[in-house]
Amino acid sequence: MSNEPRFVILIGPPASGKGTQAARLCQLLNIPHVASGDLFREHLKNKTELGLKAGAYMERGELVPDEITIGMVMERLSRPDCAAGALLDGFPRTIAQAEALDRVLAERGHRIAAVLYIKVPDQVLIERVSGRRICRTCGESYHIKFNPPQVPGVCDRDGGELYQRDDDKEETVRKRLQVYREQTDPLVAYYRQQGILAEINGDQPIDAVTAELRAALAASSCTRV
Ligand code: AP5
Ligand code: MG
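Keep in mind that what you see is a predicted model, and the values were worked out from it rather than measured.

1. Some details on the site of ligand 1
Neighbouring ligand 1 are 36 residues, the closest being Thr20, Glu62, Arg93, Ser141 and Tyr142. Within the side chain of Thr20, a nitrogen or oxygen atom sits 2.5 Å from an oxygen atom of ligand 1. At 2.6 Å, a side-chain N or O of Ser141 approaches an oxygen atom of ligand 1. Isolated, ligand 1 exposes 1100 Å² of accessible area, and the fraction of that covered by the protein chains is 96%. Elements supplying a minimum of two residues to the shell around ligand 1: α1 (18-29), α2 (36-45), β6 (141-143) and α9 (206-219). The biggest single contributor to the shell around ligand 1 is α2, with four residues. Residues of the shell around ligand 1, tallied by class, amount to 13 nonpolar, 14 polar and nine charged.

2. Notes on the pairing of strand β4 (residues 112-119)
With respect to burial, β4 is a largely interior element, seven of its eight residues being buried. Pairing analysis gives five bridges linking β4 to strand β8 (residues 197-201), with the strands arranged parallel. The residue of β8 that forms the bridge with Tyr117 is Glu199.

3. Side note on the sheet that holds strand β5 (residues 132-135)
Ordered in space as β6-β5-β7, the three strands form an open sheet in which the pairing is antiparallel. Whereas interior strands pair on both sides, the edge strands pair on one side only; in this sheet they are β6 and β7 (162-163). The sheet contact formed by β5 and β7 spans two bridges and is antiparallel. Paired with Ile134 across the bridge in β7 is Tyr163.

4. Here's the deal with the state of the cysteines
Applying the stated criterion across every chain, the model contains zero disulfides. The thiol of Cys26 is unpaired, and the distance to the nearest cysteine sulfur, on Cys82, comes to 9.9 Å. Take Cys138: it sits in no disulfide, and the sulfur closest to it among the cysteines is that of Cys135, at 3.8 Å. Relative accessible area serves as the criterion here: at 27%, Cys138 is assigned to the partly exposed category.

5. A closer look at the pattern of salt bridges
Scanning all chains against the criterion turns up 17 salt bridges. Between Glu127 and Lys145 there is a salt bridge; the shortest N-O distance is 3.0 Å. Residue Glu127 is found in helix α6 (residues 122-130), and its partner Lys145 is found in the loop between β6 and β7; the two are separated by 18 residues along the sequence. For Glu127, a relative accessible area of 37% translates into the label partly exposed. Accessibility expressed as a relative area gives 57% for Lys145, which makes it exposed. We note a salt bridge from Arg176 to Asp167, for which the minimum N-O separation is 3.7 Å. Take Arg176: its relative accessible area is 11%, and that puts it in the buried class.

6. A few points about the nonpolar core
Counting residues in each nonpolar core, the largest one holds 34 residues, and the members touching the most others are Leu77, Leu101 and Tyr191. Elements supplying a minimum of two residues to this core: β1 (6-11), α2, α3 (49-60), α4 (66-77), β3 (85-89), α5 (95-107), β4 and α8 (186-193). Apart from residues lying up to four places away in sequence, Leu101 is in contact with Ile9, Met74, Leu77, Leu88, Phe91, Pro92 and Ile112.

Reading the values: the criteria
- Residues numbered from 1 in each chain as written.
- Chains lettered and ligands numbered in written order.
- Predicted model: local features only at pLDDT ≥ 70, side-chain atom pairs only at ≥ 80, totals over all residues.
- Heavy atoms only, no water.
- Near = heavy atom within 4 Å.
- Polar contact = N/O pair within 3.5 Å; in protein donor to acceptor, adjacent residues only side chain to side chain.
- Areas by Shrake-Rupley, 256 points an atom, 1.4 Å probe, with all protein chains shown as cover.
- Helix = DSSP H or I, 4+ residues; strand = E, 2+ residues; numbered from the N terminus.
- Nonpolar A, V, L, I, M, F, W, Y, C, P; charged D, E, K, R; others polar.
- Buried < 20%, exposed > 50% of the residue type's maximum accessible area, 1.4 Å probe, protein only.
- Pairing = 2+ DSSP bridges.
- Disulfide = S-S within 2.5 Å.
- Salt bridge = Lys/Arg side-chain N within 4 Å of Asp/Glu carboxyl O.
- Core = buried A, V, L, I, M, F, W, Y, C linked by side-chain atoms within 4.5 Å.
- Contact = heavy atoms within 4.5 Å.

Below is the structure:
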């Protein structure tokens, strides 16, 4: 059994289920969840300079510029808990980010074990976003219809208050989808070419998606699932 760190990437459009599945896969793989959107929201909550800069882009449904995003994620990956690897959710999102990640991992003697691409049709994404609720404390994702908490408005994990994200308004979501198609979709070909991409049908119940993701991880070099 290899002890090589496992860096796994989740790619998919807004509301495809990256956060929902990441919470499950991180437990299985015993690696931290590194979600660029969550990191930005944490900065925003703490009113840091980075958070205030990022917030303006997020509110419009645009990508935060690469020079801000890459530095923030690389700093997170250099912390001790990522020595065993990490599950990256929402990063990389541009070719420049993917190249920066390849470079930094290579410098550390590491590589990407698998890229899991969660595919979901657009009309399903809009429905998911409108019912999504997020825990203010731990960031856990719920859905009022598809994945409701035990007590409405309260997180099952830590009792935190559930809220609706500011960028989940239908108009902003359409912009996020357009940005995804233009700037993030090219990453699918980038990783397919490297032979590390697995395509997952995200338009099925949450447990079925998890099962497909686990099978893809087992078939990759990430064998300790
Ligand atoms: P980010 O937070 O990454 O948002 P996103 O990619 O748009 O994805 P979401 O978090 O909206 O969706 P998800 O795939 O995690 O779905 P979830 O599991 O919650 O980014 C936000 C913003 O930050 C960006 O717009 C940008 O401005 C900035 N940013 C972030 N990273 C950046 C980067 N690298 N570069 C530049 N800018 C960056 O599920 C959605 C809903 O569906 C939930 O309600 C859930 O319960 C439900 N659901 C999940 N799975 C299923 C299922 N199988 N069936 C039914 N319902 C389901
Ligand atoms: Mg998310």
